[in-house]
Amino acid sequence: MGFSTPKIFKEEEEEEEEREEDARTTQPHDFTPWTSFDKAIEDASPIPPSYYTSEKLAQRERATVFSPEKDWVCIGHVSDAPSVNDYFTTTVFSDESENAAAAAVEIVCVRTEENTFKAYENVCQHHFAKVADKKRGTCTAKANSCAAALQCPYHGFTYDVSNEGNGKLISATRMKGMEERTEKIKLKGGYVCETFGPFVFLKKDESSSSSSSSSLRTFLGADFASRVEEADINVSDRESFRHVARETFEVESNWKVFIDNYLDGGFHVPFAHKALVKEGCDMSKYNITLFDNMNSIQSVDVRKEENTNSRLGLGSATYAFAFPNVCLNRYGRWLDTNVAFPNPADPNKCVVEFNWYIDNTNHDEDDDEEVFIKQSLLASRVVQDEDENLCASVQKGLRSKVASSSSSSSSK
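Reading the values: the criteria
Residues numbered from 1 in each chain as written. Predicted model: local features only at pLDDT ≥ 70, side-chain atom pairs only at ≥ 80, totals over all residues. Heavy atoms only, no water. Helix = DSSP H or I, 4+ residues; strand = E, 2+ residues; numbered from the N terminus. Buried < 20%, exposed > 50% of the residue type's maximum accessible area, 1.4 Å probe, protein only. Polar contact = N/O pair within 3.5 Å; in protein donor to acceptor, adjacent residues only side chain to side chain. Pairing = 2+ DSSP bridges. Axes fitted to C-alpha atoms, helices over the stretch in contact; angles between N-to-C directions. Core = buried A, V, L, I, M, F, W, Y, C linked by side-chain atoms within 4.5 Å. Contact = heavy atoms within 4.5 Å. Parallel < 35°, antiparallel > 145°, perpendicular 65-115°, else oblique. Left-handed = near helix turned anticlockwise from the far one by under 90°.

Draft legend 1. Fine view of the environment of K278. Within the fold, K278 resides in helix 9 (residues 274-279). When the C-alpha positions of K278 and R303 are compared, they lie 9.9 Å apart, and in sequence the two are 25 residues distant.

Printed below as a string of structure tokens:
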């Protein structure tokens, strides 16, 4: 029996190594620091797969690049609250906790004027239920001169969310005799909102602190913002633009895989999106302009003689990216957007929100508008399905033994 003990130990060690290997390929990788970020591409090693699979890194991302306490983050679209006193709800992340659940912050954003938005934490100060329990809705008007109010669906506590109200409690159920306490209650705010084209951005209000607070335009970069605006993106002009569709895609990949795919300079287009090339995209005329703040604009010429689908229009198509997750596409009469959000429950998944706007000012009245819109949306969704499948395939590969061993060898 003594002679067999080493063999037993060896077998147990081999089984343990197999279990560890299985864990590495079925669970998120540990976060492996990338040391080539400042090297020329010829000398750089690939980004480790763990950057796309690690929960630890995902938590760090949520507490930094996706936290309005750090800088501006995109929280939605002007079309999410199309009229004054409309609202929408969303989730952002706090930088105060490493715990994923505790870091999530529910937000309700109200359009208080035509081009003004105000945001509050979507939590009633009475029993901490959501004040707004719908994704999108309209505030109620109150007889006491409150233009816009939100009433908690739990116990009826009502808050003034107009510009003047600033989230103040204006009606409290069964709180008679406690007026001195209730008059101090208000929704937690402390945020500022600004818009850029179709997007609504949010940031912690630092006006009362000693730290400097940059405008959204400064965050985006003035050169980048001006170049994008040249492509005509003012969707607030409702006589010019009409919002025609909104769709949310659950993508089986890390949010950065989706963004990498968007930013690969058209590399994958001739292979994965053959219909786009057939429609007239001239891949020999593909240009990329890099800006400060890690933003970029890609553009491609559209060949008139091969343009078999007027969806792409004539001239060129523009694809603008604002770090970390905002994509804006302008082509023909169309402006569409993709915003990729991390899935807080799984770094191997993300949510991508699409919106489509159409230019009402530049079309032939004799054309069948609804047929054109339907066909254009169908063609756009085909491209999205192709990209979604590509991203899911890459994410599976990032979790494979091949990716793990390749990363280990390239980092040595």
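Draft legend 2. Region of the structure containing helix 7 (residues 255-262). Most of helix 7 sits inside the fold, with seven of its eight residues counted as buried. Within helix 7, burial applies to W255, K256, V257, F258, I259, N261 and Y262. At the N-terminal end of helix 7, a side-chain oxygen is found 2.9 Å from the backbone nitrogen of K256, two or three residues along, and the residue is N254.

Draft legend 3. Layout of the sheet that holds strand 8 (residues 168-171). Within the open sheet, the three strands sit side by side as 6-7-8. Their pairing is antiparallel. A strand with exactly one partner marks an edge of an open sheet, and here the two such strands are strand 6 (149-151) and strand 8. Sheet twist, expressed as the mean angle between neighbouring strand axes with direction ignored, is 35°. For strand 7 (residues 158-160) and strand 8, the ladder comprises three bridges, and the chain directions are antiparallel. Each residue of the ladder has a partner; that of T158, found in strand 8, is S171.

Draft legend 4. Summary view of the nonpolar core. In this structure, I75, F117, F196, F201, L202, F224 and V228 are the most contacted members of the largest nonpolar core, which totals 39 residues. Examining the composition of this core, we find that four residues originate from one element, strand 10 (residues 199-204), more than from any other. Setting aside chain neighbours within four positions, we find F196 in contact with F201, L216, R217, L220, A225, V228, E229 and I233. Within the second largest apolar cluster, 38 residues are counted, among which are L312, Y319, V352 and C391.

Draft legend 5. Quick look at the packing of helix 7 against helix 10 (residues 369-398). Running from N to C, helix 7 and helix 10 point in directions that differ by 125°, and their axes come no closer than 9 Å. The orientation of helix 7 with respect to helix 10, classified from their angle, is oblique. Where helix 7 crosses over helix 10, the handedness of that crossing is right-handed. Contact residues: helix 7 offers V257, F258 and N261, while helix 10 offers Q384, D387, L390, C391, V394, Q395 and L398.

Draft legend 6. View of unusual backbone geometry. Following F323, the chain continues into P324 via a peptide bond in cis, with omega recorded as 5°. Topologically, P324 is positioned in the loop between strand 14 (315-322) and strand 15 (326-331). For N166, which is not a glycine, the phi torsion comes out positive at approximately 55°. Considering the arrangement of structural elements, one finds N166 in the loop between strand 7 and strand 8. What makes N166 partly exposed here is its relative accessible area of 32%. Positioned with a positive phi, M294 is a non-glycine residue whose angle comes to about 65°. Its location among the elements puts M294 in the loop between strand 12 (281-290) and strand 13 (296-302).

The values reported here are purely geometric and, on their own, carry no functional implication.
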